[in-house]
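Observations on the model geometry
What follows is each chain in one-letter form.
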Amino acid sequence: MSTFKTVMRRILNLPEPRSDAAKGKAKGKKGEASLPGAPPAGLAPAPPAGQPSPAAQAPAGLQQWTDAAARLQGQTPSSQPAPGAATGAGAGAGTGADAAKGRDLPWQLEDENSGTKFLVKVGRGALWAVVGLAAITGIRSWFWAPAPPKAPVQVSSGPTYPVQEAQAVAARFARSYLSWDEDDPKARAEALARDMAKGIDTAAGWNQKGHQEVLAAQPGSVTEEKDKRARVRVDVLVKTPGTDGSPKPGDKPKDDKAKDKKDDPKKDDKGDGKNQDPRSATGPRWVGLDIPVVHASGRIVVSGQPGMVGVPTGGTAAPALNTKSTDLDFSEKTRGVAEEFFTKYATGEAESVAAPGASVAPLPPGVNLGGLRNWTVDEGSGTDRIGTATITWLTGGAELEETYRVKLTRVASAKAERWQVSEVHGGMSS
């Protein structure tokens, strides 16, 4: 333990501790040095004859060191000259002082060499660096607890299944699947082979009778399943000859049919029977298909026969829109602005009366303005106001009533200011 204390005192450059006896001895030496004719410091006066030496009066703590010094002096030969004896009286005095010092101290003081001092300084600097680092990091943790680790942010990379490709393949397959012509069955089989998996019989599932045409195919939701498989919903608009008043291929004129029935009254039409649907199919109709697909070898293919499903005949209830109070005075003030805009909107010249910087695409030809049925502006303030317009359009020999949300912007110049349309959107979405 004493060795560790000595090493730490040397690294921190702290003074050596001294006992009370050593302190009293140092004070006595200072008092003797102040008297005239006193021996030099560190040289103990010779005791009178018959009196005990100072070593005998030393404290108990230093007695063992004093006895050891006396034994060493007794073992030194008397004929050995003291260092510096040939230098004369001054040297003799110095020799006496060294001898007295040697009698008082049982060890010899030596200066540290340069290497030892360098190591002491390096050790001292490293120790203070460690203490400073511990203080900085430790004090912060005493007063501010470390924040808990944040959970990693989950970044959605979008659907893993190629949804758009699946919709495109399913829509093309639906067109081929619901189109048939008994006069050319090979054309349907070749069209189905483009999208069906290898090895599936493209002619299976159809008795190669009848005629049907697809007018439109609209892909819908894609439901992902296991093993890279999915189910795609497609709504198809089909047209069957005879459902819109057009004659079916191979039909005879009405007069001939009536004659045949008259000649053979027992002969009935082929379509009559117990399983006939009492609902009449008039004109084009929508048919739903659920098509199974699989993602294999880098592409989407139809993995089997589809299933025909129904198409909803009505929508679900929607939440009511939040009604806003109307600014009646401002509505009346800006009604002419709305009428002028929709008149130009029908002729493709809406940008001529729109606010600067506004971009309004023109309506297609054949659409004429029937009139502005209603115009209201919501309560508000500022340079932008929102209004609602109810418009009637004349197109295709009919009259259609539609609703628009219109954004008005105040445009000011050095001479006057006015309100102009900056945006227009169809429907009441807000």
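In the block above lies the structure referred to throughout.
The following paragraphs examine the structure supplied in this document. Source: prediction; values computed, not measured.

When its secondary structure is counted, the protein shows 10 helices and 10 strands. When each of the 430 residues of the protein is scored for burial, the buried share is 21%. Within the protein, counting contacts between residues at least 6 apart in sequence, those at least 24 apart form 57% of the total. Of the roughly 30,800 Å² of accessible surface on the protein, 55% is carried by carbon and sulfur atoms.

A full pass over the atoms with the stated rule returns 9 aromatic pairs. Relative to W393, the ring of Y345 lies with its centre 6.4 Å away and its plane at 70°, an arrangement referred to as edge-to-face. Highlighted residues: Y345 in helix α10 (residues 335-347) and W393 in strand β8 (residues 384-395), separated in sequence by 48 residues. Residue Y345 shares its accessibility class with W393, and that shared class is buried. A connected cluster of aromatic rings, assembled from ring pairs, spans F341, F342, Y345, W393 and Y404. Residue placement shows R188 over the ring face of Y177; its charged tip is 5.1 Å from the ring centre. Sitting above the plane of the F330 ring, R385 keeps its charged end 4.4 Å from the centroid.

A few words now on the pairing of strand β7 (residues 368-377). Relative to β8, β7 runs antiparallel, the two being bridged by 8 bridges. Each residue of the ladder has a partner; that of G371, found in β8, is T392. What sits between β7 and β8 in their antiparallel hairpin is a turn of 6 residues, with G382 showing a positive phi close to 100°.

Turning our eyes to something else, we now look at unusual backbone geometry. The bulk of non-glycine residues show a negative phi, and the bulk of peptide bonds are trans. The phi dihedral of Q208 falls on the positive side, at around 60°, and the residue is not glycine. For Q208, the location among the structural elements is in the loop between α7 (185-193) and β2 (211-224). Despite not being glycine, D227 has its phi angle at roughly 55°, a positive value.

Further remarks concern the packing of helix α6 (residues 163-177) against α7. Look at α6 against α7: their axes get within 9 Å of each other, and the N-to-C directions meet at 165°. With respect to their mutual orientation, α6 and α7 come out roughly antiparallel. Where α6 crosses over α7, the handedness of that crossing is left-handed. Contacts between α6 and α7 pair F173, S176 and Y177 from the former with R188, A191 and L192 from the latter. The class makeup of the residues in the contact of α6 with α7 is 4 nonpolar, 1 polar and 1 charged.

Below, the discussion takes up α6. Helix length check: α6 (15 residues) gives 21 Å between terminal C-alpha atoms against 21 Å at 1.5 Å per residue, within 8%. The complete set of buried residues in α6 reads A166, V169, A170, A171, F173, A174, S176 and Y177. Close packing links the buried residues of α6 with β1 (180-181), α7, β2, β3 (229-239), β4 (285-296) and β5 (299-302).

Attention now moves to the sheet that holds β7. Two strands in a sheet stick together by hydrogen bonds in their backbones, pointing the same way (parallel) or opposite ways (antiparallel). Strand order in this open sheet of 4 strands is β7-β8-β9-β10, and the pairing throughout is antiparallel. A single partner strand is all that each edge strand has here, and the edge strands are β7 and β10 (417-426). Strand-to-strand twist in this sheet, taken as the mean axis angle between neighbours without regard to direction, amounts to 35°. Its contacts with the sheet put α10 on β7, β8, β9 (398-412) and β10, and the angle it makes with β7 is roughly 150°.

So, on to a negative patch on the surface. Side chains of E182, D183, D184 and E190 sit close together on the surface and give a patch of like negative charge. Mapped onto the fold, D183 is located in the loop between β1 and α7. Residue D183 is classed as exposed on the basis of its relative accessible area, which comes to 62%.

Together, F118, L119 and V122 line one region of the surface with nonpolar side chains, adding up to about 330 Å² of accessible area. Locating F118 in the fold gives a position in helix α5 (residues 114-143).

Conventions adopted
Residues numbered from 1 in each chain as written. Predicted model: local features only at pLDDT ≥ 70, side-chain atom pairs only at ≥ 80, totals over all residues. Heavy atoms only, no water. Helix = DSSP H or I, 4+ residues; strand = E, 2+ residues; numbered from the N terminus. Buried < 20%, exposed > 50% of the residue type's maximum accessible area, 1.4 Å probe, protein only. Contact = heavy atoms within 4.5 Å. Areas by Shrake-Rupley, 256 points an atom, 1.4 Å probe, with all protein chains shown as cover. Phe/Tyr/Trp six-rings, centres within 6.5 Å; stacked < 30°, edge-to-face > 60°. Lys NZ or Arg CZ within 6 Å of the ring centre and 35° of its normal. Pairing = 2+ DSSP bridges. Axes fitted to C-alpha atoms, helices over the stretch in contact; angles between N-to-C directions. Parallel < 35°, antiparallel > 145°, perpendicular 65-115°, else oblique. Left-handed = near helix turned anticlockwise from the far one by under 90°. Nonpolar A, V, L, I, M, F, W, Y, C, P; charged D, E, K, R; others polar. Expected span 1.5 Å × (residues − 1). Patch = residues over 30% accessible without salt bridge, like charges linked within 9 Å, V, L, I, M, F, W, Y side chains within 5 Å. Salt bridge = Lys/Arg side-chain N within 4 Å of Asp/Glu carboxyl O. Lys, Arg positive; Asp, Glu negative; His and termini not counted. Charge placed at Lys NZ, Arg CZ, Asp CG, Glu CD.

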